[in-house]
Amino acid sequence: MNRQIYILNGPNLNLLGQREPEIYGHETLTDVELRCAAIAGPRGVQIRLLQSNHEGQLIDWIHEARHAACGIVINPAAFTHTSVAILDALNAFEGPVIEVHISNVHKREAFRHHSYVSARAEGVIAGLGIEGYEAATRRVLTLVGA
Ligand code: DQA
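Residues numbered from 1 in each chain as written. Predicted model: local features only at pLDDT ≥ 70, side-chain atom pairs only at ≥ 80, totals over all residues. Heavy atoms only, no water.

Trainee: Which residues make up helix α3 (residues 55-68), and what values go with them?
Mentor: An α-helix turns once every 3.6 residues. As a result, residues three or four positions apart point the same way. Here α3 contains 14 residues, and its C-alpha end-to-end distance of 20 Å stays within 8% of the 20 Å for a straight helix at 1.5 Å per residue. Taken together, the buried positions of α3 are occupied by Leu 58, Ile 59, Trp 61, Ile 62, Ala 65 and Ala 68. (Helix = DSSP H or I, 4+ residues; strand = E, 2+ residues; numbered from the N terminus. Expected span 1.5 Å × (residues − 1). Buried < 20%, exposed > 50% of the residue type's maximum accessible area, 1.4 Å probe, protein only.)

Trainee: Lay out the packing of α3 against helix α4 (residues 84-91) in plain terms, naming residues and giving numbers.
Mentor: Relative orientation of the contacting elements α3 and α4 amounts to 5°, with a least axis distance of 9 Å. For the element pair α3 / α4, the angle class is roughly parallel. Of the residues in α4, those touching α3 at Glu 55, Leu 58, Ile 59, Ile 62 and His 63 are Ala 85, Ile 86, Ala 89 and Leu 90. Each residue belonging to the contact of α3 with α4 can be placed in one class, and the counts come to 7 nonpolar, 1 polar and 1 charged. (Axes fitted to C-alpha atoms, helices over the stretch in contact; angles between N-to-C directions. Parallel < 35°, antiparallel > 145°, perpendicular 65-115°, else oblique. Contact = heavy atoms within 4.5 Å. Nonpolar A, V, L, I, M, F, W, Y, C, P; charged D, E, K, R; others polar.)

Trainee: Would you mind going over the sheet that holds strand β1 (residues 4-9) in detail, with residue names and values included?
Mentor: Read across the open sheet, the 5 strands follow the order β2-β1-β3-β4-β5; overall the sheet is parallel. Two strands in the sheet have a free side with no partner beyond their single neighbour: β2 (46-51) and β5 (123-126). The sheet shows a mean angle of 15° between the axes of neighbouring strands, direction not considered. Direction of pairing for strand β3 (residues 71-75) relative to strand β4 (residues 97-101): parallel, over a ladder of 3 bridges. In the strand pairing of β4, Val 73 is matched with Ile 98. Contacting β1, β2 and β3, α3 crosses the sheet at an angle of about 170° to β1. (Pairing = 2+ DSSP bridges.)

Trainee: I'd love a proper account of the side chain of Glu 134, names of residues and values included.
Mentor: Note that Glu 134 resides in helix α5 (residues 131-144). A relative accessible area of 13% means that Glu 134 is categorised as buried. Residues within four places of Glu 134 in sequence aside, it is in contact with Arg 35, Cys 36 and Ile 39.

Trainee: Which residues make up the site of the ligand, and what values go with them?
Mentor: Around the ligand, the neighbouring residues are Arg 19, Tyr 24, Asn 75, Ala 77, Ala 78, His 81, His 101, Ile 102, Ser 103, Val 105 and Arg 112. Within the contact set of the ligand, an oxygen atom lies 2.8 Å away from a side-chain nitrogen or oxygen of His 101. At 2.8 Å from an oxygen atom of the ligand is found a main-chain nitrogen or oxygen belonging to Ile 102. Look at the ligand: alone it shows 320 Å² of surface, and the protein chains cover 99% of it. Taken together, the residues of the shell around the ligand break down into 5 nonpolar, 4 polar and 2 charged. (Near = heavy atom within 4 Å. Polar contact = N/O pair within 3.5 Å; in protein donor to acceptor, adjacent residues only side chain to side chain. Areas by Shrake-Rupley, 256 points an atom, 1.4 Å probe, with all protein chains shown as cover.)

Pasting the structure below:
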């Protein structure tokens, strides 16, 4: 088994901690990485946290994960609601996929209520803030038996 979990983040999440903090909080992607590494590390699994504002880059990382990762945690951000291409890429990945949203998308605008990625994900977490990434990491570890 590849002892690595990819945590993929879509557009604008590079601004996490600065962007709309009343919705997304004050913590950053570095905080997410540290928290998840603290969970996975003791189980001998590394975290590779990546962020891109470009759909194709996210797809390339999902392809890379096919040979490098035992599971994927993904917050596709706005691509959640638009991207069949990211869904197709995830369908080509064999391990568990957990979808994370920092905010509760179901409490927000109607256009955020539909996710293409949910059709592939083993689990969907929304509204737990960045704790959602920790829960998702734990779930991947459980599913792969690490
Ligand atoms: C988000 C929710 C999306 O609707 C939004 O476009 C984001 C972030 C979240 O984490 O709550 O950029 O995925």
